[in-house]
Structure formats: structure tokens, C-alpha cells
Amino acid sequence: MFRTALRNVFAHKGRLLMTVLAVMLGVAFVAGTLVFTSTISEAFQKSSEKGYSHVDVAIEPGDGEKKGGNPGPPPNLTQQILDEAAKLPGAASATGVVSGFTAVADKKGDLVGDGWGTRGANYYGGPDGEDARYPMRDGRAPDRRGEIAIDAKTAERTGYRVGDTARMSVSGPIREEKVVGVFTTDDGNVAAGGTLVLFDNATAQQLFARPGEYTGIQLEATAGTSQKELRKQAQDVLPARAEAVTGQKLADEQSKTIEKQMSGMRTMLLIFAGISLFVGVFIIANTFSMLVAQRTRELALMRAVGASRRQVTWSVLVEAFSVGLVAAVAGLAAGVGIAAGLRALVGQLGTMPDGPLIVTPTTVAAALVVGVKVTVLAAWLPARRAAKIPPVAAMSSVHAPATTRSLVLRNTLGAVLTGGGTALVLYATGMDDGKAPMGAGAALLLVGVFVLTPLLSRPLIGLAAPVLRLFKVSGKLARQNAVRNPRRTAATASALMIGLTLVTGMTVVAGGVQKGIETMAAGSLKADYQVSMANYSPLSPDVEKKLAALDEVAATSPMRNTASRIGGETEYLTGIDGRSIDRLLSLDFTDGSWAGVANGDKAVVDTGTANQHDWKVGSDFRVTYADGKQETLTVAGLYESNALVRGIMLDTGTVTPHMARVTDMQVMVKTADGASASVKDALEKGLGNNPAVLVQDKQDISEDIAQVISILLNILYGLLAMAVIVAVLGVVNTLAMSVFERGQEIGMLRAIGLDRRGVKRMVRLESLVISLFGGVLGIGLGVFLGWAAGELIATSGLETYALVLPWDRLAIFLALAALVGVLAALWPARRAARLNMLAAIKTE
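Given the structure is predicted, the values throughout are model-derived calculations rather than measurements.

Draft legend 1. Structural view of the overall build of the chain. Assigned secondary structure in the chain consists of 27 helices and 24 strands. Each of the three principal axes of the chain carries a C-alpha extent, and together these read 95 × 70 × 50 Å. Scored against the burial criterion, the 844 residues of the chain give a buried share of 50%. Residue pairs at least 24 apart in sequence account for 81% of intrachain contacts in the chain once pairs closer than 6 positions are excluded. Here the chain displays about 38500 Å² of accessible surface, and carbon together with sulfur accounts for 58% of that area.

Draft legend 2. Local environment of the nonpolar core. Counting 54 residues, the largest nonpolar core has Phe-29, Phe-272 and Val-279 as the members making the most contacts within it. Per-element accounting of this core gives the leading share, 10 residues, to helix α24 (residues 756-795). Sequence-distant contacts of Phe-272, defined by excluding residues within four places in its chain, comprise Phe-29, Leu-716, Leu-719 and Leu-720. Formed by 27 residues, the second largest nonpolar core is a distinct cluster that contains Ile-581, Val-597, Tyr-639 and Met-668.

Draft legend 3. Just helix α6 (residues 201-208), in detail. With respect to burial, α6 is a largely interior element, six of its eight residues being buried. Tucked into the core, α6 has its buried residues touching β4 (99-101), β6 (118-123), β10 (174-183), β11 (195-200) and β12 (213-214).

Draft legend 4. Structural detail: the pattern of salt bridges. Under the defined criterion, the tally for this structure stands at 15 salt bridges. A salt bridge links Arg-140 to Asp-143, with the shortest nitrogen-to-oxygen separation between them at 3.5 Å. A salt bridge links Asp-143 to Arg-144; its shortest N-O distance comes to 3.4 Å. Exposure remark for Arg-144: the relative accessible area of 46% places this residue in the partly exposed category. When salt bridges with common partners are traced through the structure, they connect Arg-140, Asp-143, Arg-144 and Glu-147 into a single cluster.

Draft legend 5. Broad picture of the confidence of the model for the chain. Chain-level statistics for the chain give a pLDDT mean of 83 and a share of 90% at 70 or above. No element of the chain has a lower mean pLDDT than helix α1 (residues 2-11), which averages 56, and none a higher one than strand β8 (residues 147-151), which averages 95.

Draft legend 6. Quick peek at helix α11 (residues 361-388). Along its 28 residues, α11 runs 40 Å from first to last C-alpha, staying within 8% of the 40 Å computed at 1.5 Å per residue. In the structure, α11 departs most strongly from a straight axis at Trp-380, where the bend amounts to approximately 40° and where the proline Pro-382 lies between one and four residues downstream.

Draft legend 7. Quick peek at the packing of aromatic side chains. Applying the stated criterion across every chain, the model contains eight aromatic pairs. When the ring of Tyr-124 is compared with that of Tyr-214, the centres are 6.1 Å apart and the planes differ by 80°; the resulting orientation is edge-to-face. Of this pair, Tyr-124 sits in the loop between β6 and β7 (136-139) while Tyr-214 sits in strand β12, placing them 90 residues apart in sequence. What makes Tyr-214 buried here is its relative accessible area of 0%. Through successive ring pairs, a cluster of aromatic residues spans Phe-589, Trp-594 and Tyr-639.

Draft legend 8. Structural detail: unusual backbone geometry. In this model, Arg-241 sits at a positive phi of 65°, which is unusual for a non-glycine residue. With respect to the helices, strands and loops of the structure, Arg-241 is situated in the loop between α7 (227-234) and β14 (242-246). Assessed through its relative accessible area of 17%, Arg-241 is described here as buried. The backbone of Lys-472 sits at a positive phi, close to 55°, despite the residue not being glycine. Take Lys-472: it is sitting in helix α16 (residues 472-484). Residue Lys-472 is classed as exposed on the basis of its relative accessible area of 66%.

Draft legend 9. Looking closely at the packing of helix α14 (residues 435-462) against α16. Contact pair α14 / α16: the axes reach a minimum separation of 9 Å and the direction vectors enclose 165°. Classified by the angle their axes make, α14 and α16 are roughly antiparallel. Note that α14 runs across α16; the crossing there is right-handed. Counted together, Ser-457, Arg-458 and Ile-461 of α14 and Arg-479, Ala-482 and Val-483 of α16 form the full contact between these two elements. Considering only residue class, the contact of α14 with α16 consists of three nonpolar, one polar and two charged.

Draft legend 10. Seen up close, the side chain of Ser-41. Relative to the helices and strands, Ser-41 is located in helix α2 (residues 17-51). What makes Ser-41 buried here is its relative accessible area of 4%. The residues contacting Ser-41, other than those within four sequence positions of it, are Ile-258, Glu-259 and Met-262.

Draft legend 11. Summary view of the environment of Leu-585. Residue placement: Leu-585 occurs in the loop between β17 (569-576) and β18 (588-592). The class of Leu-585 is buried, set by a relative accessible area of 1%. Each C-alpha atom of the pair Leu-585 and Lys-178 lies 41 Å from the other, and the pair is 407 residues apart in sequence. Not counting chain neighbours up to four residues away, the residues in contact with Leu-585 comprise Ser-524, Leu-525, Lys-526, Val-645, Met-649 and Met-668.

Draft legend 12. Representation of the sheet that holds strand β1 (residues 57-61). Strand order in this open sheet of four strands is β3-β13-β1-β14, and the pairing throughout is antiparallel. Where the open sheet ends on each side, the last strands, each with one partner, are β3 (91-97) and β14. Taking the axes of each pair of neighbouring strands and ignoring which way they run, one obtains an average angle of 20° across the sheet. Looking at chain direction, β1 and β14 are connected through five bridges and run antiparallel. Residue pairing for β14: Glu-60 is matched across the bridge by Glu-243. Packing of helix α3 (residues 79-86) onto the sheet brings it into contact with β1, β3 and β13 (216-221), and relative to β3 it is tilted by some 165°. The strands touched by α7 within the sheet are β1, β3, β13 and β14, with β14 carrying the most contacts at an inclination of about 170°.

Draft legend 13. Spotlight on the pairing of strand β22 (residues 648-651). Relative to β22, β17 is paired through four bridges, and the arrangement is parallel. Among the inter-strand pairings, Thr-574 is bridged to a residue of β22, identified as Met-649.

Draft legend 14. The side chain of Gln-696, seen in detail. For Gln-696, the position within the fold is in strand β24 (residues 693-696). At a separation of 2.2 Å, a polar atom in the side chain of Gln-696 contacts the side chain of Asp-704. With residues near it in sequence (within four places) discarded, Gln-696 still touches Asp-528, Tyr-529, Gln-530, Tyr-536, Ile-701 and Asp-704.

Draft legend 15. A look at the pairing of strand β23 (residues 666-671). Counted residue by residue, β23 has five buried out of six residues, so it is predominantly covered. As judged from the three bridges shared by strand β15 (residues 529-533) and β23, these two strands associate in the antiparallel manner. For Val-531, the partnering residue across the bridge sits in β23 and is Val-667. Note: strand β16 (residues 553-566) against β23, six bridges, orientation antiparallel. Bridged to Met-559 within β23 is Gln-666.

What counts and what doesn't
Residues numbered from 1 in each chain as written. Predicted model: local features only at pLDDT ≥ 70, side-chain atom pairs only at ≥ 80, totals over all residues. Heavy atoms only, no water. Helix = DSSP H or I, 4+ residues; strand = E, 2+ residues; numbered from the N terminus. Buried < 20%, exposed > 50% of the residue type's maximum accessible area, 1.4 Å probe, protein only. Contact = heavy atoms within 4.5 Å. Areas by Shrake-Rupley, 256 points an atom, 1.4 Å probe, with all protein chains shown as cover. Core = buried A, V, L, I, M, F, W, Y, C linked by side-chain atoms within 4.5 Å. Salt bridge = Lys/Arg side-chain N within 4 Å of Asp/Glu carboxyl O. pLDDT = per-residue confidence, 0-100. Expected span 1.5 Å × (residues − 1). Bend = angle between axes of the 7 residues up to and from the residue. Phe/Tyr/Trp six-rings, centres within 6.5 Å; stacked < 30°, edge-to-face > 60°. Axes fitted to C-alpha atoms, helices over the stretch in contact; angles between N-to-C directions. Parallel < 35°, antiparallel > 145°, perpendicular 65-115°, else oblique. Left-handed = near helix turned anticlockwise from the far one by under 90°. Nonpolar A, V, L, I, M, F, W, Y, C, P; charged D, E, K, R; others polar. Pairing = 2+ DSSP bridges. Polar contact = N/O pair within 3.5 Å; in protein donor to acceptor, adjacent residues only side chain to side chain.

Here you go:
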């Protein structure tokens, strides 16, 4: 039986080609994901280890709040602590570190880097005046205000050389600095495509902390002193809410962070790889079902000469195992090749450190197991079906039709699953946290519709009959062929249905979210413009002062955040200009108003926070600020929060004196003549045409949201493209095997007058009908699930969510389904038309 199974594989290798390709693509997706993420993770971890090679112990402000202490972040480290750390017996050197966001513009005025990875730091010269972390390649280190050094990669990208003047921004105001040096570094942030700018120590402290303060201290141990010993010594100089960490621990924590980030990316990619493999299951099952049907007499003869049911089952599964193994090996090789190509592409873009391609034994094992297991499991039902065919019945008929009992059982099961899944999805839409039941309901619904697809095929394909009549005989034959074997049609259409369901659902949800956020922004903001940093890091309060001084500006207010403690819990306060806020924000007050907030002793609170503390208008509450001082405030108004505005808001005059470093998250601006291109130009000019600062009106905010959503959708479309390609292979496979199976019939049609063009048209129309059938089901399910997910989003916080049916995209999806049908039929239709009619008629 084993030799027979292998002989069948070689005998039908042409018919198994599409199955091999489908499994190979899925395995390549899995293997490529594992290899690529492992390569990235390893490269960043090695780069991280290099970055900590000169650090044996680091003294840092602690992450958490000290029990009973002041709320908010811990204080920075002082020069006194640095001096004491340098005197430790096990410390060979002590380096003060201070860093923060720094945006650099190139010579064209465009922002360099990705916005998030653009950093600035201090050059801390040791006893010899040099900082070992940043060896200078060209020029010298900055030693006074107005001088900077930039990393070599940034110098290459921007074209800056020693002596040039560079424009940059730290927290809003534009700065022009002279480049006096270019340095090399192992900093992982730079290796990932970011930028690093060095200032002299005093300037960096002024920009990122306060004079005489550092955000960290790095110690290097003397010969013979271990990191643990030095850490123990450092405990003696630690201030309150600070901690000493070994360099090894820092590197390990960085590695864990990188691995966690890669894990999220790996999981997302593997989900889409799983979708592709799941779609491939339909092709595998369909292929082996058709092979079993075409070899009915052969299998019956094997049963007649003594083969048991188990042997017949195992023979089919051995064929599946062989196909899966070949596909898995090919997929593994393709996956490694894809990962190598991506690695080279990312390397050219300069967004990751150099490193070798990592192919682990786990990756090899996973690829082989996935390929073989998926193929064998998908072929299990066809194998069982083959074993159950009675020898006598099989000898008398090429095809064994499904029994009435099996059809009734299938349709009943499908109806129960579809009804249960629909009910569960509808139930989840009314829950506050209905993600789990909605996911389970959507899965049940998809499975139920798949089980019911044979039943649905006849009436839905029948709707195309009027159009198919236009193609006369070819159209009539195409419709009859499409519904001749409902199970086969269902399996082929379902592969396309799954991909289109996901694509349509995500498109509907994305459109609703975009519309909801636009509505929320329009309803909450009276301001004409919102000003913030490009990466949404804190703004200098100078930005608001410059804007308020412009003739075009009628009113401004910062959004100034600071931590506090209320009732033993940390609450974040938002400082606003109480005199002008009513002209800039439109809140949905349920009680009270802004009245009295400008006086400094009142605040407005969102209803969620008020309910937690049992507050109402007129309630007094005690606040402990970040500097430890306390004050009693009164609730002046209660409002409904949304995704843009929430929390406790009070006048900036109240919160600013308690902030160690005053910064704003954004500034809202009301202009005298409203939003216009000329006004926007005036605001940007007033801020020095700073590329690191965003000046956005409501339309800009909407376009930004639309751009983000569009990018996410395009990424998801790209990831789902593999599933659609696999579905195309499924249609090609079904049609090609169907043409082989119906060879005698096609020969007879040719003999009685159907020309080659008519045969091609018949196969193409059959393919088109099946693809459109899958497309209609997928789009319909996607719209329903997209609506349900939107209802859940609306109850979970985005109350302004609104269902938006993107009719243009839905039409494109349906047209793509039709295109799939047309393209998939090219080879099978040509093959059918070239059949020798006499040879085909003689075929049994």
C-alpha cells in the first residue's frame, strides 16, 4: 500500500501541483516570518549589548512612586550624587547622562529620522576631556552653547559636514546650531534609523533636565570589581526613589523588550500565515476529494482484492504526507529566501543594525510540521470517504453521490452553527466587553456558512442565469457545471469567501472609526488649530507665548499635564487657560460649567472620574501635587468624556507652580478670521517654519487619521493578499481537475458542434460564477461582521462611531473577485479547448 501511495503521487503530480503551491505559500509565510523576526531580534539584541559594553552599573531614577511620597516621576540625579558615585572604591569612571527628544532637519528643511527615534544627549568629557561612548570621526566634541556633534549616519543622510549650520528643535522653538563634530556610535536607536545629536553638558542639562541634573549615571568598574560588587557599593549613594542596576541586567531587560516587541509582530504575521494555510485547507480537501472520486474504480479494486478500509485510508494519507513534505521543504526554502530579501531591503533603508540571517532549528521544525500536518489533516475526510465506498457500488459508478442523510445532516449542522454564531455576534454588540463572545460568534458564523455553502450555491448561482443566457450554450453549460457538484463549488468559493470577509470587515470598521473620530473632533473642538510636536512629545511653553503674540490669533490655551494624588490614587491633571478655554473646547456638560475655573480653585471633571470618587458639582476634594504641596479644589462642572478629552481640568495658574519642568502636550489656537491657508502659513512662520512642530486644523486632523487608517488597511490588505493568491490557486486547481474529469464530456460537446471558443467561454464563465459566488458571500459576511464590530466599538468608548459602507471599495472587491475568476480560468480553459475530441471521447 505504501508503494501504491507513492506511485499515485507520481502518477498525479500534475494534478497535485496547485496543492503543493498552496501549502508551500503558507509554509513560506510561516518560515519567512520566523526567520525575519529572529534575525531582527538578534541584530537589535547584539546592538543593545554593544551599547551597554561600557556600563557596569547604572544609577537611574526609579520607575514607580514611593509609597507616601510625592506623585509623578521621581526627581533627576544631581551633580553631588555623580561626584559621590565617582569616588566609590570600585568605580573606575562615572559618566553623567542626560537625553531627550531632538528633531533634526536636513538641508531641505525636512525632518530626518522617524520622529520617534530622533534623540539628543550630552557629551560628558572625562578627565582627558573625551567621552568614550562617542569617538569623533571628524572634527571635535561640542564644548559650548551653539555647538553640536551628529552621528555619522545622520551626517550621510543630511549631507551636513563640520562647519555647517543645522536647524533643529527640542521642544518647539527652532534652534540653529553649528556642527563641530561627526562621531560613530553603537547606539541601537541610530542603527534602527534614528538620529543622535550631542550637546555640551551644560546645554544638554538645560534642554532635557535642569542645570546640574542628570537623567542617569553610568559607572565603569575597576579591574577585579564585579558588577554585583559595584552595584552593592552604589547603594550607599542612592537618593530616594532611585535604583542601581547592573549593565548585564540592563542588557537583559533591553533584550526582553526587543523580544516582546518582536513577539507582537511575529504573532500578527503568523495569524495571517494561519489564514493563508486555512484557505489552503480547502484546496487540499478539494484536490483529494476529486482524486478519490476519479480513482473510485481503482480504490474499489483494491478493496476487492483484500485491502481493508484502514489500508485505503492510510494510502491516501501517505499521499498527503508526501505532498505536504515536499511543499514544506519548498516553503521553508522560499521562506528563508523571502526573509533574506526583506533583511537586505531593511538594511538598505538603514532601519536596523547589521547581523546574519538567523535560521533556528525551531523554525525548520515548525515549517516541516505545519506543512505536513495541515496537508494530512485536510486530506483526512477525503481519505475516510474513500474507505467507506462499497466495492460493488464503486465498480458500477465513477461517482458516488452524497446520500440524502448526509446532506440533511450537513445542512442541519450548518443551520445550527450559522444561527448560533449570528445570535452570539448580536448578543456581543450590546456588551461592554464583548470581544471574546464576538470572536467566537464570528468563527461559528464563518464555519456555519461554509457548511451551508453547498445548499446556498444553487439559488445564488441561479440568480446569474439571466446574464448567462446571453452567452447561449456556453452560459447554460457553465451554470450547470457550477452547480453539478455543490460540495466542490462550495469548497472552491469558500477559500475566496474567507479572504474577502476579512478584507471587507476591516474596511467597514476602519471607515466607521474614521468617521467617528472626525465627528468627535468636530464636536469637541472650537479651536481652529491644534499645535503639537511631530512625535507628540512635550512642547515648550514658549510655543504658546509666540502664538499668542501673533496678530492673527484671538485666543490660545495649552493642554498641560501633571500627576497628582487624590484619595490615595494617582490622577493626572490637565492645565488649561480658564479665561479662554470656553472659546476653544466644546464639552458636553451634564451639570455645571467652566464658571470659576479661571479663579484657580475650581475644576471640571469627566463623569467617569466623578463617579469613581462620588463627586458632584460643588464637591470639594484634596489634591497633592507633584511637589508635595496640597490644595482643596471644588468641582465646577461635570462633562461626558470622549477619546479626545477626559480627566480633571483646571487653570494653568493653579498647576504650573507645582511642576518641576513646565511643558505642554499641545496648544489650541482660535484665530480672528478662522482657518485658512494664509493663517496657517502665518502660524508656521511665527514658529520659525519648524518641521518638528505640527500646525493642524480640523481637516488636517481628519486627513492624518485617514492616512493612518489607510496605511494600516494597506498593510492588512498586503498580508491578506497571500490568502487571496491561495484562493486563486484553488479556483485554478478545481477547474483544471474538473476539465480532466469531464474530458469525455468536453470531447462529445466538441463532436456535436461546440467550437474551441465556446469551450473556453464555458470554462471561463464557470470560473467567473464560482468566484463571484464566493465574493458575494464574503462581502455580505464582511459587512455584517464589520457592523457588529462597530457596534461593539461604539459601546466601548467611541460613542460617535457611525457605520459607513464604502460602496466604492465594495465594488472594487467584487470586481477583484470577478478578475480572480477570469485569471484563474486562463490555463484550464485553454487546456479544455485543446483536448483532442476523439481521444477524449474514448477516455473512460
